[in-house]
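Residues per chain, in single letters:
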Amino acid sequence: MGLRSILTIVSFILSVATGILLSRSGKTANEPRHERPVIGLSMDTLKEERWISDRDFFLAQAKSLGAEVLVRSANSDDTRQLRDVESLITAGVDALVIIPHNGEAMARAVEMAHREGIPVLSYDRLITGAETDLYITFDNLKVGELQAKFLADRLTSRERMRIVRIYGAKTDNNARLFKQGQDQVLQPLIDAGKMEVIFEDWAEDWKPENAKKIMNAAITKAGPQIDAVLASNDGTAGGAIQALLEEGLSGKILVTGQDADLAACQRIAAGSQSMTIYKPVKQLATAAADLAYKLATQRPILAKHETPNGKHPVPSVWLDVTTVTQDNLRATVIADGFRKEEDVFRK
Ligand code: BGC
């Protein structure tokens, strides 16, 4: 019995005890088509800082494993992303990694890939309504919970906090999960009359300029008596802070975020943003490249979790996240090498 068969059996026994073993059963079990496995990476966008890091870490790890990666970016356009996936399939990739602009629309991409026997890894955002093979992400509910908890912790016993909520893109399953996580913390406070949502809206495509418009509309409606802006990521936080700056309110209102973008870390150091969530993207991208390599070379994969996606429970890997404030910028993102001291604390 070869080493590979022994490993497969050991993984299988482990999976029964601890998790889910992913196999390609049900799909054409192709032999890898190339000597060096080829992985297709279809991205929603490269216009936000975070996704450039994801791509670079992914490429570095795939290269170190000896895989070739073909990258496409769809510029937040579903039709273009479907075309990208088509072109990657035509190029003969052995596995596909998709960061969907719209999780629902990319179900078609999974179907197209499966017709050619190509497995699909859903990266960070879930592809819904399809037999997505594997999903790797952060604990997205926890992201929302930590953002809301940060605000809840700043409530004193007599206070009633007036907040503006800026959600992400409606087309992104994560945006709904962040909201759901926030709701779990906020609803009891709202019900107890300790918090009031004075304005809320979804920022189309997560764009800062759309978040700025939402913030402008909130100030127009409610005036400057706002205690906090629950912005769902750093891009939308940046847009909201721009609106606050124009009204002379920047630094006077709590603002949340997520991603530990460099600009957000600088704002936290300077005091115009109150917190962000650090999601170790290097860990995500490196693990994703490892998984994509295994999919491409048909090695067994062990995933501890499952995420229902409306079609089937998708074997999933979830990574942990951390709250970052002025107090722990150095102990978190800087200590982890994600940001440099001299970049964050610019003179
Ligand atoms: C990601 C966030 C990101 C947002 C906008 C979400 O799906 O989880 O990290 O800020 O998309 O790109």
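Residues numbered from 1 in each chain as written. Predicted model: local features only at pLDDT ≥ 70, side-chain atom pairs only at ≥ 80, totals over all residues. Heavy atoms only, no water.

So, the site of the ligand
Neighbouring residues of the ligand: 13 residues in total, closest Glu 48, Asp 124, Arg 125, Asp 172 and Asp 259. With respect to the ligand, the side chain of Glu 48 contributes an N or O atom lying 2.7 Å from an oxygen atom. Between Asp 124 and the ligand, the recorded distance is 2.8 Å, taken from a side-chain N or O atom to an oxygen atom. About the coverage of the ligand: the protein hides 100% of its 310 Å² of free accessible area. Counting only elements with at least two residues in the shell around the ligand, the list comes to helix H2 (49-65) and helix H6 (173-191). By residue class, the composition of the shell around the ligand is three nonpolar, three polar and seven charged. Two domains each put at least three residues into the shell around the ligand: domain 1 (6-132 + 281-320) and domain 2 (140-279 + 323-344). (Near = heavy atom within 4 Å. Polar contact = N/O pair within 3.5 Å; in protein donor to acceptor, adjacent residues only side chain to side chain. Areas by Shrake-Rupley, 256 points an atom, 1.4 Å probe, with all protein chains shown as cover. Helix = DSSP H or I, 4+ residues; strand = E, 2+ residues; numbered from the N terminus. Nonpolar A, V, L, I, M, F, W, Y, C, P; charged D, E, K, R; others polar. Domains from an automatic or database assignment.)

Examining the packing of helix H5 (residues 140-152) against H6
Orientation of H5 relative to H6, taken along the N-to-C sense of each, is 40°, at an axis distance of 7 Å. In terms of crossing hand, the pair formed by H5 and H6 is right-handed. Residues Asn 140, Leu 141, Val 143, Gly 144, Glu 145, Gln 147, Ala 148, Lys 149 and Ala 152 of H5 form the contact with H6, whose participating residues are Asn 174, Leu 177, Phe 178, Gln 180, Gly 181, Gln 182, Gln 184, Val 185, Leu 186 and Leu 189. (Axes fitted to C-alpha atoms, helices over the stretch in contact; angles between N-to-C directions. Left-handed = near helix turned anticlockwise from the far one by under 90°. Contact = heavy atoms within 4.5 Å.)

Let's talk about the pairing of strand S9 (residues 228-231)
The side-chain alternation of S9 yields two buried faces, one formed by Ala 228 and Leu 230 and the other by Val 229 and Ala 231. Alignment of strand S7 (residues 161-167) against S9, held across four bridges, turns out to be parallel. Within the sheet, the bridge partner assigned to Val 164 lies in S9 and is Val 229. Of the strand pairs in this sheet, S9 and strand S10 (residues 254-255) are connected by two bridges, and their pairing is parallel. Counted as the bridge partner of Val 229 is Val 255 from S10. Of the crossover connections in this fold, the one passing from S9 over helix H8 (residues 234-246) to the parallel S10 is right-handed. (Buried < 20%, exposed > 50% of the residue type's maximum accessible area, 1.4 Å probe, protein only. Pairing = 2+ DSSP bridges. Right-handed = clockwise from strand over helix to strand, strands pointing away.)

Here we look at the packing of aromatic side chains
The final tally for this structure, using the stated rule, is three aromatic pairs. A ring pair is formed by Tyr 167 and Trp 202, whose centres lie 4.8 Å apart and whose planes are at 45°; its orientation type is tilted. You can see Tyr 167 sitting in strand S7 and its partner Trp 202 sitting in strand S8 (residues 195-202), a full 35 residues away along the chain. On the accessibility criterion, Trp 202 (24% relative accessible area) is partly exposed. (Phe/Tyr/Trp six-rings, centres within 6.5 Å; stacked < 30°, edge-to-face > 60°.)

Notes on the environment of Arg 83
Assignment of secondary structure puts Arg 83 in helix H3 (residues 78-90). For Arg 83, a relative accessible area of 52% translates into the label exposed. Expressed as a C-alpha distance, the spacing of Arg 83 and Ala 109, which sit 26 residues apart in the sequence, is 9.1 Å.

Overview of the sheet that holds S8
The four strands are arranged S8-S7-S9-S10 in an open sheet whose pairing can be described as parallel. In the strand order of this sheet, the two ends are held by S8 and S10, each with one partner. Its contacts with the sheet put helix H7 (residues 208-222) on S7, S8 and S9, and the angle it makes with S8 is roughly 140°.

As for the sheet that holds strand S3 (residues 68-73)
The seven strands lie next to each other as S3-S2-S4-S5-S6-S14-S13, forming an open sheet whose pairing is mixed. Among the strands making up the open sheet, the edge pair consists of S3 and strand S13 (305-308). Here the average twist between neighbouring strands, direction ignored, is 25°. Helix-sheet contacts for helix H10 (residues 281-296) involve strand S2 (38-43), strand S4 (95-98), strand S5 (120-123), strand S6 (134-138) and strand S14 (313-319), and the interaxial angle to S6 is about 170°.

So, the domain arrangement of the protein chain
For the protein chain, the assigned domains read domain 1 (6-132 + 281-320) and domain 2 (140-279 + 323-344). The gap between the C-alpha centroids of domain 1 and domain 2 is 30 Å. Counting from both sides, the interface comprises 13 residues of domain 1 and, opposite them, 16 residues of domain 2. When the two sides are added together, the surface that domain 1 and domain 2 hide from each other amounts to roughly 1,300 Å², 35% of it contributed by carbon and sulfur. Put simply, domain 1 and domain 2 have three salt bridges between them. For the salt bridge of Arg 339 with Glu 49, the shortest nitrogen-to-oxygen distance reads 2.8 Å. Taken together, the connections running from domain 1 to domain 2 amount to eight residue pairs in polar contact (both at pLDDT 80 or more). (Buried area = accessible area lost by both parts, 1.4 Å probe. Salt bridge = Lys/Arg side-chain N within 4 Å of Asp/Glu carboxyl O.)

What about the nonpolar core?
Ranked by size, the top nonpolar core spans 50 residues in total, and within it Phe 58, Leu 121 and Tyr 123 carry the most contacts. Counting residues per element, this core draws most heavily on H10, at nine residues. Residue contributions to this core reach at least three from each of two domains, namely domain 1 (6-132 + 281-320) and domain 2 (140-279 + 323-344). Aside from chain neighbours lying at most four places away, what touches Tyr 123 is Arg 50, Trp 51, Asp 54, Phe 58, Val 97, Ile 98, Ile 99, Pro 100, Ile 136, Leu 284, Ala 285 and Ala 288. Among the nonpolar cores identified, the runner-up in size contains 22 residues, and Ile 198, Phe 199, Ala 203 and Ala 218 belong to it. (Core = buried A, V, L, I, M, F, W, Y, C linked by side-chain atoms within 4.5 Å.)

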